[in-house]
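Letter by letter, the chains look like this.
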Amino acid sequence: MPRNLDYLRETASQTAGPYVHIGLAPGAAGFDIYRQELGRDIAGPNAKGERIRIEGRVIDGMGAPIKDVMLEVWQANAEGHYAHPEGGGPVEEGFRGWGRVITDFETGDWGFDTVKPGRTRGRNVGMQAPHLNLWIVARGINVGLNTRIYFSDEAEANAQDPVLNLIEWEHRRATLVARRTETGGTPLYRFDIRLQGEDETVFFDV
Amino acid sequence: MTTPAEFYQRDRALHPPAYTPGYKTSVARSPRYSLISLQNSVSEVTGPVFGHADIEPGDNDLLTNYARPGESPIGERIILKGRVLDENARPVPNTLVEIWQANAGGRYRHKKDTYLAPIDPNFGGCGRTLTDEAGHYAFRTVKPGAYPWRNMVNNWRPAHVHVSVFGTGFAQRLITQCYFEGDPLIPICPIVQTIPDQGAIERLTATLDLNATIPLDSIAYTFDIVLRGRRSTLFENRLEGN
């Protein structure tokens with residue numbers, strides 16, 4: 001192993017614990033301290049594209065919803081650009097594409113509003129299907145879990161997606177696809193994340 | 001169109017595995033299948049960018065950011081400071097660092113914490129700041145207390161501050177805990193001991209920095225944070241069909 005080179009070593013992860021909200025969403029912990037909490041509005045008011053809502057639960061190995069989980073979302077805008085210097089192009093004023101999602105402490109339900117992202121370029125060739133990147137932390141999760149949300153109404157793009165196609169077990173790809181339901185208002189997608197069991201969600205080492 | 005330079009792969013031997021039965025909550029919350037390894041795309045090398053408009057200058061002073069005017073929290077006054085670097089030993093400037101912690105009695109200001117130690121009316125327990133151009137950050141706070149938790153019958157957490165850091169890409173996202181030099185609870189904590197590498201545990205332990213203390217005011221601890229480094233594009237890498 002090339003340990004004699006002058007690289008530093010990454011700081012080890014530790015669980016976010018049950019009180020992650022104090023630091024990252026103090027309003028949910030029950031107090032008001034900052035002028036503004038970060039990550040409450042993912043897309044901002046000027047974002048173009050289709051406004052959508054995504055709801056779900058994170059479910060543990062016993063089949064119970066996790067009530068103290070926190071998710072972070074990172075996504076491109078409708079044109080497939082991330083709000084970052086290397087993000088592929090400009091984004092709308094006020095579009096950050098990042099947000100924090102907190103569960104209801106009684107039920108474990110979470111949900112957030114955003115815009116549907118566009119396709120983004122793949123690593124070397126091709127395009128990635130529209131997707132949101134998720135990072136999941138909670139008590140009992142030692143290293144934050146990375147996964148992705150794809151969309152059930154993008155079957156053609158999903159079939160060509162280089163990341164979905166990397167998953168050898170085709171039936172497991174479905175764990176990354178949010179199911180669209182038309183409710184008459186804002187389109188709603190359902191996305192449950194299973195940490196264990198037969199339908200364990202695919203998690204990535206990125 | 002250029003291919004984004006990747007981050008170095010995460011050395012998982014430095015991190016706790018998902019399944020650590022000594023920390024009981026991990027048992028039902030740990031994936032059982034292997035993670036699927038991804039080469040970084042634009043989705044992983046980019047990440048949210050924060051600026052001074054997002055926070056306020058006093059957000060990093062936990063002695064005052066929740067205290068009533070003229071009052072301050074009870075406890076040992078400390079400065080917790082350090083640098084955010086990457087594995088190439090380059091500073092990570094302008095990145096968001098957020099912390100949260102229990103008060104000096106070991107009690108969190110959280111509606112789910114019912115420990116019998118009292119809430120401190122002058123202590124919120126969270127702070128945030130951006131690193132400067134050289135990657136430096138600093139917080140002023142009180143040293144958190146140890147507290148008991150339900151795992152085995154009699155487990156106590158060492159004094160610790162939770163730390164959240166971003167870096168420049170979502171693949172660098174990290175949450176960890178900072179411990180304090182000399183704490184006898186560190187080697188017997190089931191959460192600390194989820195980390196399989198002794199050196200990695202030592203690097204999570206803040207060191208007393210006497211030179212950085214403010215005499216007759218606050219004692220100082222240094223805690224450097226290392227995020228994943230990124231490849232330099234010495235040669236354009238265009239693998240066919242990859």
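Use the structure listed above.
Read on for a plain summary of the structure.

About the thresholds
- Residues numbered from 1 in each chain as written.
- Chains lettered and ligands numbered in written order.
- Predicted model: local features only at pLDDT ≥ 70, side-chain atom pairs only at ≥ 80, totals over all residues.
- Heavy atoms only, no water.
- Buried < 20%, exposed > 50% of the residue type's maximum accessible area, 1.4 Å probe, protein only.
- Helix = DSSP H or I, 4+ residues; strand = E, 2+ residues; numbered from the N terminus.
- Lys, Arg positive; Asp, Glu negative; His and termini not counted.
- Salt bridge = Lys/Arg side-chain N within 4 Å of Asp/Glu carboxyl O.
- Contact = heavy atoms within 4.5 Å.
- Core = buried A, V, L, I, M, F, W, Y, C linked by side-chain atoms within 4.5 Å.
- Polar contact = N/O pair within 3.5 Å; in protein donor to acceptor, adjacent residues only side chain to side chain.
- Buried area = accessible area lost by both parts, 1.4 Å probe.
- Nonpolar A, V, L, I, M, F, W, Y, C, P; charged D, E, K, R; others polar.
- Pairing = 2+ DSSP bridges.

Here the focus is unusual backbone geometry. Residue and element names in this part refer to chain B. Look at Ala89: it is not a glycine, yet its phi comes out positive at around 65°. Look at Ala89 and you get partly exposed, because its relative accessible area is 41%. The backbone of Asn94 shows a phi angle near 55°, a positive value even though the residue is not glycine. Examined against the element boundaries, Asn94 turns out to sit in the loop between β2 (77-86) and β3 (96-101).

To continue, consider the side chain of A:Arg172. Residue position: A:Arg172 is located in helix α4 (residues 170-173). For the buried A:Arg172, which has no salt bridge, the nearest side chain bearing the opposite charge is A:Glu200, at an N-O separation of 4.1 Å. Excluding residues that lie within four positions of it along the chain, A:Arg172 makes contacts with A:Ile167, A:Glu200, A:Thr201, A:Val202 and B:Tyr33.

Another aspect to go through is the pattern of salt bridges. All chains considered together, the criterion is met by 29 salt bridges over all chains. Across the pair B:Arg29 and A:Asp68 runs a salt bridge, and its minimum N-O distance is 3.0 Å. Highlighted residues: B:Arg29 in the segment before β1 (36-37) and A:Asp68 in the loop between β2 (58-59) and β3 (70-75), drawn from two different chains. The pair B:Arg29 / A:Asp68 is uniform in exposure class, with both members buried. Among the salt bridges present, the one from A:Asp153 reaches A:Arg180, with a minimum N-O distance of 3.0 Å. Of the two residues, A:Asp153 is situated in the loop between β9 (145-151) and α3 (155-160) and A:Arg180 in strand β10 (residues 177-181); the sequence distance between them amounts to 27 residues. Classification of A:Asp153 as partly exposed rests on a relative accessible area of 35%. The class of A:Arg180 is partly exposed, set by a relative accessible area of 23%. Where salt bridges share partners, they join A:Glu50, A:Lys116, A:Asp153, A:Glu154, A:Arg180 and A:Glu182 into one cluster.

A few words now on the nonpolar core. The nonpolar side chains of a soluble globular protein tend to be buried, and buried together. Counting residues in each nonpolar core, the largest one holds 37 residues, and the members touching the most others are B:Val84, B:Val163, B:Phe223 and B:Ile225. Ranked by residues supplied to this core, first place goes to strand β9 (residues 174-180) of chain B with four residues. The contacts of B:Ile225, once residues within four sequence positions are left out, are A:Thr11, B:Arg83, B:Val84, B:Leu85, B:Tyr137, B:Val163, B:Val165 and B:Leu174.

What follows covers the environment of A:Asn142. Structurally, A:Asn142 can be placed in the loop between β8 (132-137) and β9. Accessibility expressed as a relative area gives 2% for A:Asn142, which makes it buried. Considering only alpha carbons, one finds A:Asn142 and A:Gly17, 125 residues apart in sequence, at a separation of 9.0 Å. Leaving out residues up to four positions away in the same chain, A:Asn142 has contacts with A:Ser13, A:Gln14, A:Thr15, B:Pro16, B:Pro17, B:Ala18, B:Thr20, B:Tyr23, B:Ser26 and B:Thr194. In terms of polar contacts, A:Asn142 uses its side chain to reach the backbone carbonyl oxygen of B:Ala18, at 3.4 Å.

Right, let's get into the interface of chain B and chain A. Taken together, the contact between chain B and chain A spans 98 residues of the former and 80 residues of the latter. When the two sides are added together, the surface that chain B and chain A hide from each other amounts to roughly 8000 Å², 55% of it contributed by carbon and sulfur. When the buried area of chain B at its contact with chain A is split by residue, B:Arg29, B:Ile36 and B:Phe170 rank highest and sum to 11% of it. Scanning the region where chain B abuts chain A turns up 11 salt bridges. The interface formed by chain B and chain A holds 54 residue pairs in polar contact (both at pLDDT 80 or more) in total. The set of elements that each furnish at least two residues to the side of chain B that touches chain A consists of β1, α1 (42-45), β2, β3, β4 (126-130), β8 (160-165), β9 and β12 (225-227) of chain B. Looking at the side of chain B that touches chain A element by element, the count peaks at five residues for β9(B). Among the residues making up the side of chain B that touches chain A, the classes are represented as 44 nonpolar, 29 polar and 25 charged. In this sheet, β1(B) lies alongside strand β13 (residues 204-205) of chain A in parallel orientation, the contact comprising two bridges. Following the sheet pairing, A:Phe204 is matched in β1(B) by B:Ile36.

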